[in-house]
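Structural overview for review
So the chains spell out like this:
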Amino acid sequence: MTDPVGKLPSELDQLPDRDPEETAEWAASLDAVTKAAGPHRAAYLMRRSLQHAEGAGLALPKLLETDYVNTIPTAAEPAFDGDLEMESRITAWNRWNAAAMVTRGARYGVGGHIATFASAAWLYETGFNHFFRGKEGDGSGDQLYIQGHASPGIYARAFLDGRLSERQLDNFRQEAGGDGLPSYPHPRRLPWLWEFPTVSMGLGPLSAIYQARFNRYLANRNIKDTADSHVWAFLGDGEMDEPESTAALALASREQLDNLTFVINCNLQRLDGPVRANFRVVQELEAQFRGAGWNVVKTLWGNAWDELFQLDTQGALLRRLREVPDAQFQTYATRDVAYIREHFFGAEPALAELAKLLTDAKIAECFSTSRGGHEARKVYAAYRAAIEHKGAPTVILAQTVKGYTLGKGFESKNANHQMKKLSVEEFKGMRELLGLPIPDSAFEDGLVPYGHPGADSPEVRYLQERRAALGGPAPARRLHASAPLPQPEERAFKALYKGSGKQEMATTMAFVRLVKDLMRDKETGRRWVPIVPDEARTFGMESLFPSAGIYSPLGQTYEPVDRDQLMYYKESKDGQILNEGITEAGAMADFIAAATSYATHGETMIPFYIFYSMFGWQRTGDQMWQLADQLGKGFIVGATAGRTTLTGEGLQHADGHSHLIAATNPASLNYDPAFAYEVAVIVKDGLRRMYGPDAEDVFYYLTVYNEPKPQPAMPEGVEEGIVKGLYRFKEGTPAAADAPRLQLLASGTAIHWALEAQELLASDWGITADVWSATSWGELRRDALEADEALLRGETRVPYVTQALSGAPGPVLAVSDWMRQVPDQISQWVEQDWSSLGTDGFGLSDTRAAARRHFGVDAPSIVVASLAQLAKRGEVPASAVKEARERYGL
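Within each chain, residue numbers correspond to sequence positions counted from 1 in written order. It should be noted that, the model being predicted, local features are given only for residues of pLDDT at least 70 and side-chain atom pairs only at 80 or more, the latter also being counted only at that level, while totals for whole chains, interfaces and linings use all residues. Only hydrogens and water are set aside when side-chain values are computed; all heavy atoms of the structure are taken into account.

Points about the sheet that holds strand β3 (residues 260–266)
So the rule is basically this: Note: two strands are recorded as paired if DSSP finds a minimum of 2 bridges between them. To qualify as a helix, a DSSP run of H or I must reach at least 4 residues; to qualify as a strand, a run of E must reach at least 2; elements of each kind are numbered from the N terminus. Angles run from 0 to 180 degrees between N-to-C directions of axes, and those axes are lines fitted to C-alpha atoms, restricted for helices to the stretch in contact. Only heavy atoms matter for contacts: two residues are in contact if any of them lie within 4.5 Å across the pair.
An order of β1-β2-β3-β5-β4 is seen for the five strands of this open sheet, with the pairing classed as parallel. Each edge of the open sheet is held by one strand with a lone partner, namely β1 (143–145) and β4 (295–299). With direction set aside, neighbouring strand axes in the sheet form an average angle of 15 degrees. Where strand β2 (residues 231–236) meets β3, six bridges bridge the pair, whose relative direction is parallel. Looking at the pairing, Phe 234 lines up with Val 263 of β3. Taken strand by strand, helix α4 (residues 115–130) contacts β1, β2, β3 and β5 (394–399), and its axis lies near 150 degrees from that of β3.

What to know about helix α10 (residues 281–291)
Rule in force here: Burial here depends on accessible area, computed with a 1.4 Å probe over protein chains only, as a share of the maximum for the residue type. Under 20% is buried, over 50% is exposed, and the range in between is partly exposed.
Among the 11 residues of α10, eight are classified as buried, and the element is accordingly described as predominantly covered. Listing the buried residues of α10 in full gives Val 281, Val 282, Gln 283, Leu 285, Glu 286, Ala 287, Phe 289 and Arg 290. Considering only its buried residues, α10 is in contact with α2 (39–55), α9 (249–254), β3, β4, α13 (326–332) and β5. Of the residues flanking the end of α10, it is Gly 293, one or two places downstream, whose phi is positive at about 95 degrees.

As for the packing of aromatic side chains
Put simply, the rule reads: Only rings of Phe, Tyr and Trp enter the pairing, Trp through its six-membered ring, and a pair is recorded when the two centres are within 6.5 Å. The plane angle decides the type: under 30 degrees is stacked, over 60 is edge-to-face, the rest tilted. Think of it as a cone above the ring: NZ of Lys or CZ of Arg counts as a charge over the ring if it is within 6 Å of the ring centre and within 35 degrees of the ring normal.
The final tally for this structure, using the stated rule, is 48 aromatic pairs. Their ring planes at 80 degrees and their centres at 5.0 Å tell us that Phe 289 and Trp 294 sit as a pair that is edge-to-face. The same class applies to Phe 289 and to Trp 294, which are both buried. Centroid distance Phe 329 to Tyr 332: 6.0 Å. Interplanar angle 80 degrees. Geometry classified as edge-to-face. Taken together, the residues span about one helical turn, with Phe 329 and Tyr 332 both in helix α13 at a distance of three residues. Of the aromatic side chains, those joined through ring pairs into one cluster are Tyr 68, Trp 301, Trp 305, Phe 309, Phe 329, Tyr 332, Tyr 339, Phe 344, Phe 345 and Phe 367. We note Lys 428 situated over the ring of Phe 443; from NZ or CZ to the ring centre the distance is 5.6 Å.

Some details on the pairing of strand β13 (residues 668–671)
Going residue by residue along β13, you find Ser 668 and Asn 670 tucked away on one face and Leu 669 and Tyr 671 tucked away on the opposite face as well. Where β13 lies against strand β14 (residues 699–703), four bridges are found, and the strand directions are parallel. Each bridged residue has a counterpart across the sheet, and for Asn 670 the counterpart in β14 is Tyr 701.

Let's talk about the nonpolar core
Stated formally: Nonpolar core, defined: a set of buried Ala, Val, Leu, Ile, Met, Phe, Trp, Tyr and Cys residues in which side-chain atoms within 4.5 Å join the residues together.
Counting 88 residues, the largest nonpolar core has Phe 635, Val 683 and Leu 744 as its most contacted members. With 10 residues, helix α27 (residues 676–691) is the single largest residue contributor to this core. Apart from the residues lying within four places of it in its own chain, the contact partners of Val 683 are Phe 493, Phe 511, Leu 514, Leu 518, Phe 635 and Leu 702. Grouped together as the second largest cluster of nonpolar side chains are 67 residues, Ala 382, Ile 396, Phe 427 and Val 460 included.

See the structure below:
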């Protein structure tokens, strides 16, 4: 609704005006300024008034954008704590070697990226020389999320530092021989250097936020003092388009993570062109971060711009900078001064008059190279402001030129991300620009040389002294000396070994019950990190609320509505549960931080992350790979698993394929237990393998079901089979000595259909079936693949699945609540005739019985499929198949 003059009402119209006359006077004053000095002056006064009000602590909405200038004026920059000339020489060597490494690698067609580090060199070098804490001092040091495409510059610095050799640089992107360097930050490939994998864009910023949050979690739970650990995430402006990049900005602000700094390299270019061709990405990002509650520091212009701003007495330059789109500014960086005078300064008379006061050299310098991100003093000032700011995270928006110092053929060109090498002449030009003592004779073989001032040179000594003062080399991944975790007491597992008697229990509940008991263990209980994205009650975890508490850095500032209930919603500063909102991506980032704490902080944690199985590997599979690459450990639990057990939810909730996706990840050990005791055995073995004396860099994926069933006691001697993936659960009793026989393999909840089918086959058809519990199709396949690999080495080893089924009579029929490809993973190593049943296709809403009939996996369907297999072998008449279909109404 609008008022009579058509103006939209505002919230101010709902507030009583104590002094309308005074209000009118303020409005009249603004009108008078607008009329006398123009709208630009009026807008300037309003912005300054709002800034003053914000600084005075008045409760007003914040300005989302400020002028397109540096947040920290040149006059306000702190004293530079270092030798700028020395650091410039160090940076020059690193620029050279980064470009040389990629260019030399181009001989073999392996590629590499040059332009990103060229633009961001000072962003990294300033941090390495002054801010980034290493891991050899007190505490855990800082956590550095390096932009993936900048990796050549990090290798170049490690080479200057003596941590890498020329041979290793020459093996960039050539790892098969065993001594190469991975293309991007990959901890699994280079675990002494890289700590965080970041090249899957968007995951770096998301993980950095949750890493900073997990640092606080460890401190608030009195597990590790992380007060001196700061998280630095180096990002690209184009990368911020990834939804994960900004998904958790509000969390970082809400939890006041002032131990976190984003450094966004705003070179205005993404991989194929401008980030915001028709807009201004810096201003957009400023508004986004300020709106989310972050402290924003803009470092846009170099010192050359100071003269221009001082001459801009009418604000014309500021107005022009606010309106020029990024793509046009990129063009200015590549055009001559005449073009800039006409198209930039010619926009209005005040600018044209200002340009008359500027030399061509000054204009060329400002528009081609003078950016805040290329000047160490300005970057230093921004970093100092970031670490001194309290109460909120900081983002630094540093403007640079992509391809800076690589020559006119690279700088600001749309194609520079795909340009993999420089010519010899371009290198010679770069040598002159950087002032490096590399003679022409070094190029005689047509190959660009690496450069190094010498192991005992002033540059190397300075670099190493700086790093020593900050706590050792960086980046670096360190494995702290820590004892294996003791195995929990056996009684927690025995409760599930005994079964549930007549009482029904879903395997989801069995897992939660087991973990609840393990969290009481005196030695390891406090190291469990339960993680759930909002639906803890769905998985029966509400019993953990009052005992373990839900983590909140604020504690509980309200009285919970269910305070009178036994299982009330309890938040606490030292709470153990990370109960996230509706964000599987955030919960997975939690898991990664906890799963790698053994390396990051030298504190081994045992995370388990429980979620709707449909929303795990399908929704956050990229993070599962990140977890594997980061060598994380813990239990990922897909609850409400399978395509037919979650009645009524339908297609989007019916998971029949997560085990297939999980099978693609080499670090994931995937289990589909049928019974509570199998859950206990798998978790116990997982604790041994991940946290015992011979700890492995793996993680576990367990699927558990929401279908209550009586849980049997554990049979004798099945532990090995459970861990390896297969054991005979119930042998069939032959109706006659010559009765046909077959083997039914089932996983998860499907074992109950197989057991029912076993009875029908015996009672209705006189056929004997043995029922096997296939706890892990994936582990059976992994073992078989290893046997095949051994054969190539001249060793003979029979796969476990072949051994287990050796001599078992009749064909094999596998059934599960998953797509047929899941059990079919092992078919080639089964000697018997093989067939399978599964839930291929889309899910649907209905009862469990109707859904299983629809997919053809219920007990009668198993009987018909079994008869068909036996009929093929001539062991039953073909008419039995038709008779069975009619009898069971299929």
